[in-house]
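Each chain, letter by letter, is given below.
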Amino acid sequence: MEVTVGVGAGAGVSAEEVLAAVDAVLPAGARVTALATLDVRAAEPGLTGAAAARGWPLTGHPAAVLAAVAVPSPSARVAAAVGTASVAEAAALLGGARLVVPKAVHGRVTVAVAA
């Protein structure tokens, strides 16, 4: 199964934190085809480092694009902070048709997986 992993993370998160969060939720046998996140986070060293370590492309989406995606777990706190009620789930869904793992918080990283 090919999947896109949506990632929400604050500034300063490490590549190790991102990879630990992804590994914690990735379904057995899944092949990650991309990491996806908010465009302003796509240049974060932790996200670029995680993507580079595994050879995954990293895609950043504008908040307005993410905000247009219907998600099961919107967050008013995230909306107030970054302009969209979902980063991880919305970013994952832009790369896949259905969520196979809804948003899960692991430390400073939120991840969701869509296939």
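What you are looking at is a predicted structure, and each value in this text was computed from that prediction instead of being measured.

> Explain helix α5 (residues 88-95) to me, using residue names and the numbers behind them.
Residues three or four positions apart in an α-helix share a direction because the helix packs 3.6 residues into each turn. Counting buried positions over the eight residues of α5 gives six, a clear majority of the element. Of the residues making up α5, those classed as buried are A88, E89, A90, A91, A92 and L93. Contacts from the buried residues of α5 go to β1 (2-9), β2 (31-38), β3 (58-61), α3 (63-67), β4 (99-106) and β5 (109-114).

> Kindly report on the pattern of salt bridges, identifying the contributing residues and their values.
Tallied over the entire structure, the rule returns three salt bridges. The closest approach of N and O atoms between R31 and E2, which form a salt bridge, is 2.2 Å. Of the two residues, R31 sits in strand β2 while E2 sits in strand β1, which places them 29 residues apart along the sequence. Overall, the relative accessible area of 47% leaves R31 in the partly exposed class. The residue E17 makes a salt bridge to R108 at a minimum N-O spacing of 2.7 Å. Placement of the pair is E17 in helix α1 (residues 15-25) and R108 in the loop between β4 and β5, with a sequence separation of 91 residues. Classification of E17 by relative accessible area gives partly exposed; the value is 25%.

Cut-off values and rules
- Residues numbered from 1 in each chain as written.
- Predicted model: local features only at pLDDT ≥ 70, side-chain atom pairs only at ≥ 80, totals over all residues.
- Heavy atoms only, no water.
- Buried < 20%, exposed > 50% of the residue type's maximum accessible area, 1.4 Å probe, protein only.
- Helix = DSSP H or I, 4+ residues; strand = E, 2+ residues; numbered from the N terminus.
- Contact = heavy atoms within 4.5 Å.
- Salt bridge = Lys/Arg side-chain N within 4 Å of Asp/Glu carboxyl O.

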